[in-house]
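# Descriptive structure summary
One-letter residues, chain by chain:
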Amino acid sequence: MDSEKSPATEFISADAHEAKDLIASGYRYLDVRMVEDFNKGHVDVESVFNIAYFIMTPEGNYCLPFSFSRLCCRHFRKMIWLWVSGRVKNPQFLEQVLSVCSKEDGLIVGCGTGDRSRLATVDLLNADFKHVRNMGGGYRSWHEAGLGVKKEA
């Protein structure tokens, strides 16, 4: 029996209040939504930055294979097809994150509802980032908790 755990099976989610506390302790907030969504409203903290996990493509819709084995325990593995309307994973995502922080930095990863950020968190952990947490519920949960939000002009 394989006792080794991959980072993908060990990632930790934080709710909005836990994320706020971690940010206050020095973590940075990585918003992985597209810039248009980020500008409509985002977590209002000093250490926020935006790098899109998905990017728009001119080709239109894609049907991508996606394995839940990357997110779930080894006993629940299956392949699904993920419809992405004109969006594909940003091929420079990890490189762009590394251009603004190190693998030792504390990161809270968020999106609109927590789905994209979960994928991004797994990728960051698999790339040996050490202190990464997904914000469960994303920006929506932060906003619903009454925490500070900011809209870009």
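Nothing here was measured: the structure is a model prediction, and the numbers come from that model. Here, residues in each chain are numbered from 1, in the same order as that chain's written sequence. For a predicted model such as this one, the threshold for reporting local features is a pLDDT of at least 70, and the threshold for listing and counting side-chain atom pairs is 80 or more; totals across whole chains, interfaces and linings nevertheless cover every residue. Only heavy atoms go into the side-chain values, all of them from the structure, while hydrogens and water stay out.

As a further point, take the pairing of strand β2 (residues 28-31). Two strands are said to pair when DSSP picks up at least two bridges between them. Here a strand is any run of E in DSSP of at least two residues, a helix any run of H or I of at least four, and the numbering for each starts at the N terminus. One ladder, built from 4 bridges, connects β2 with strand β9 (residues 106-110); its direction is parallel. Within the sheet, the bridge partner assigned to Leu 30 lies in β9 and is Val 109.

Moving on to the confidence of the model for the protein. The pLDDT score gives, residue by residue, the confidence of the prediction method on a 0 to 100 scale. Residues at a pLDDT of 70 or more form 73% of the protein, whose mean pLDDT is 82. Considering only residues more than four positions removed or in separate chains, one finds that residues 62-82, a stretch of pLDDT under 50, has 42 contacts. Whether two residues are in contact is decided by their heavy atoms, any of which lying within 4.5 Å being enough.

Another point: the sheet that holds strand β10 (residues 131-135). Overall, parallel pairing links the 5 strands, which are arranged β1-β10-β9-β2-β4 in an open sheet. For this open sheet the edge positions go to β1 (12-14) and β4 (48-50), each flanked by a neighbour on one side alone. Here the strands of the sheet are splayed against their neighbours by 35° on average, with no regard to which way each runs. Looking at chain direction, β1 and β10 are connected through 3 bridges and run parallel. Orientation is described by axes fitted as lines to C-alpha atoms, over the contacting stretch for helices, and by angles from 0 to 180 degrees between their N-to-C directions.

Of all hydrophobic cores here, the largest spans 21 residues; its most connected members are Leu 30, Val 32, Phe 93, Val 97, Leu 124 and Phe 129. Among the secondary structure elements, those contributing two or more residues to this core are α4 (93-98), β9 and α5 (115-126). Among the elements that make up this core, the one with the highest residue count is α5 (4 residues). Excluding residues within four positions of it along the chain, Leu 124 makes contact with Leu 30, Phe 93, Leu 94, Val 97, Leu 107, Val 109, Phe 129 and Val 132. By nonpolar core we mean a set of buried residues, namely Ala, Val, Leu, Ile, Met, Phe, Trp, Tyr and Cys, connected to one another through side-chain atoms within 4.5 Å. The buried label goes to any residue with under 20% of its type's maximum accessible area, the exposed label to any with over 50%, and the partly exposed label to all in between, with areas taken from a 1.4 Å probe on protein chains only.

This paragraph deals with the side chain of Asp 31. Turning to its location among the elements, Asp 31 is positioned in strand β2. The class of Asp 31 is buried, set by a relative accessible area of 0%. Polar contact criterion, stated in full: a pair of N or O atoms within 3.5 Å, where within protein one must be able to donate a hydrogen and the other to accept it, and residues adjacent in sequence count only if both atoms are side-chain atoms. A distance of 2.8 Å separates the side chain of Asp 31 from the side chain of Arg 33, its partner in a polar contact. The contact partners of Asp 31, leaving out residues within four places of it in the chain, are Phe 38, His 42, Phe 49, Asn 50, Ile 51, Gly 110 and Cys 111.

Aromatic rings from Phe, Tyr and Trp, with only the six-membered ring used for Trp, were paired whenever their centres fell within 6.5 Å, and each pair was classed as stacked if the ring planes differed by under 30 degrees, edge-to-face if by over 60, and tilted otherwise. Under the definition given, this model contains 3 aromatic pairs. For the pair Tyr 53 and Phe 54, a centre-to-centre distance of 5.3 Å together with 75° between the ring planes defines the contact as edge-to-face. Both rings, one in Tyr 53 and one in Phe 93, keep their centres 5.1 Å apart while their planes meet at 80°; by these two values the pair is edge-to-face. On the criterion of sequence distance, the pair formed by Tyr 53 in the loop between β4 and β5 (54-56) and Phe 93 in helix α4 is long-range, its members being 40 residues apart. Here a set of aromatic residues connected by ring pairs shows up, and it is made of Tyr 53, Phe 54 and Phe 93.

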